Amino acid sequence: MTRLMLGRTLERICKAVLLLCLVHFVIMMILYFDVYSQRFDQIFSRFNNGRNASRSGHHYYYNLSRPNATFASYLATADQLLPSVRPEGNHTPPTTKPIPPCPEIPPGLVGRLLIEFASQMTMERVQKENPNVTEGGKYTPPDCRAKQKVAIIIPFRHRDNHLKYWLHYLHPILRRQKIDYAIYIITQLGEDTFNRAKLLNVGYTEALKDAEYDCFIFSDVDLIPMDDRNLYHCYDQPRHFAIAMDKFGFRLPYAGYFGGVSGLSKKQFLKINGFPNEYWGWGGEDDDIYNRITLNGMKVVRPDVRIGRYRMIKHERDKHNEPNPQRFNKIQNTKNTMKRDGISTLTYRVLQFKKYPLYTNISVEIGKPPPRPFRG
């Protein structure tokens, strides 16, 4: 009796489970056909729209003979090719993400660098090393917005080998520093006495004709920084970068020294009337510039001596760049001469303005030095 009752109970349970499965199956089929009926309605309505469009001159072609093509892939293609009705309204164009400002301390800096001049250097090698530098020796950081646009100005004559090393080292340094920069080589034509400061005035003037700069770095072509933390941009006060050269035993030779590599903003440069034009030959112009800065209420700022180290490419003194015997008298009269001798009285003539892959060359005539007073 007990076994009979147990058997009937199991039979009822099995029937109930089968009934639930049947109900579940029916519900799933209803939902399945409902969804796909909507899908086919959409496809056929679009197909009809495509036929109407073809009658008006628009044709759509479907390739069902491709290898591994399926009806599902055809449907996907139809969704892409057939026109769809979109609601009218104002469409907002996609917005590009603004470029962030460059960090004060770029993360890619290396620090102390090994600088050597024994290996042979060519312009072709330097160009291959710097593919992101554009014509004219220009570079803009692609991933951030530099706070200044910097013109680097080099007075130049007969130093082609030095220039190769300078470009070889400085382009990578400046790119790691995230500097938006361009390099201008100001070449003094002829064999008259060299005038460094006047060439720097020319570089300032011509660079501003080429682009809008707000910072100017003035550098000799034979000086290479030994630390890329010595950032080549302008500061609140005029900046002296090359404070510890190897030829001076990596020490500042004297407190008023402002030679080698320096930087001034456009405002600072104009405040001192630029650089003097009357220092022909070697020496004196950097001291005159230092005097102009202090006489106009500014002060020279410098990096830490461990960061402001430089190596100089050894060379003999250039011909027609002998020491200027009048430099000491001129330095003592800066206060009287700086208003009438500077960027406001600059005269020169450009004979060539040419952009090369790694720099811009500006060849100029700047005149001749006045005859020296006769000493009887």
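As the structure is a computational prediction, the values presented were derived from the model and not from experiment.

Procedures and definitions
- Residues numbered from 1 in each chain as written.
- Predicted model: local features only at pLDDT ≥ 70, side-chain atom pairs only at ≥ 80, totals over all residues.
- Heavy atoms only, no water.
- Disulfide = S-S within 2.5 Å.
- Helix = DSSP H or I, 4+ residues; strand = E, 2+ residues; numbered from the N terminus.
- Buried < 20%, exposed > 50% of the residue type's maximum accessible area, 1.4 Å probe, protein only.
- Polar contact = N/O pair within 3.5 Å; in protein donor to acceptor, adjacent residues only side chain to side chain.
- Contact = heavy atoms within 4.5 Å.
- Expected span 1.5 Å × (residues − 1).
- Bend = angle between axes of the 7 residues up to and from the residue.
- Core = buried A, V, L, I, M, F, W, Y, C linked by side-chain atoms within 4.5 Å.
- Pairing = 2+ DSSP bridges.

> What's the story with the state of the cysteines in this structure? I'm lost.
A covalent bond between the sulfur atoms of two cysteines is what we call a disulfide. The tally for this structure, following the rule as stated, stands at two disulfides. The disulfide partner of Cys102 is Cys144, and the gap between their sulfur atoms is 2.0 Å. Sign of the S-S torsion, about 85° for the bond between Cys102 and Cys144, identifies this disulfide as right-handed. Linking Cys102 in the loop between helix H2 (71-81) and helix H3 (123-129) with Cys144 in the loop between strand E1 (138-139) and strand E2 (149-156), this pair joins segments that are 42 residues apart in sequence. Overall, the relative accessible area of 15% leaves Cys102 in the buried class. Disulfide partner of Cys215: Cys234, at an S-S distance of 2.1 Å.

> Looking at this structure, how should I read the side chain of His171?
Inspection of the secondary structure assignment puts His171 in helix H4 (residues 160-176). A relative accessible area of 0% means that His171 is categorised as buried. A distance of 3.0 Å separates a polar atom in the side chain of His171 from the backbone oxygen of Leu358. Discounting chain neighbours no more than four positions away, the residues touching His171 are Asn130, Val133, Gly137, Tyr181, Ile183 and Leu358.

> When you look at H4 in this model, what are you seeing that I'm missing?
Every α-helix winds through 3.6 residues per turn, so residues three or four apart in the chain are directed the same way. With 17 residues, H4 extends 25 Å between its outermost C-alpha atoms, agreeing within 8% with the 24 Å of an ideal straight helix rising 1.5 Å per residue. The principal kink in H4, of about 25°, is found at Leu170, preceding the proline Pro172 by one to four residues. Among the 17 residues of H4, 13 are classified as buried, and the element is accordingly described as predominantly covered. The first or second residue beyond H4 is Lys178, which carries a positive phi of 60°.

> What exactly am I supposed to notice about the nonpolar core here?
As a rule of thumb, nonpolar side chains are buried together in soluble globular proteins. Among the nonpolar cores identified, the biggest contains 41 residues, and Ile152, Trp166, Tyr181 and Tyr232 are the most heavily contacted of them. When contributions to this core are tallied by element, the ones reaching two or more residues are E2, H4, strand E3 (180-188), strand E4 (215-219), strand E5 (223-225) and strand E9 (309-312). Per-element tally for this core: the top contributor is H4, with eight residues. In contact with Tyr232, other than residues within four places in its own chain, are Val150, Ile152, Leu170, Leu174, Gln177, Ile179, Ile217, Pro225, Phe241, Val261 and Tyr310. Within the second largest apolar cluster, 31 residues are counted, among which are Ala151, Ala211, Leu264 and Ile293.

> I tried to follow the pairing of E9 on my own but got confused; where do I start?
Every second residue of E9 is oriented toward a common face, the buried set being Tyr310 and Met312 and the non-buried set Arg309 and Arg311. Alignment of E5 against E9, held across three bridges, turns out to be antiparallel. Note on E9: the bridge partner recorded for Leu223 is Met312. Where strand E7 (residues 244-245) lies against E9, two bridges are found, and the strand directions are parallel. Residue pairing across strands places Ala244 opposite Arg309, the latter belonging to E9.

> Looking at this structure, I do not really get unusual backbone geometry. What am I missing?
With the exception of glycine, most residues fall at negative phi, and the peptide bonds are largely trans. One non-glycine residue with positive phi stands out, namely His158, at about 60°. Inspection of the secondary structure assignment puts His158 in the loop between E2 and H4. Phi is positive for Lys178, which is not a glycine, with a value near 60°.

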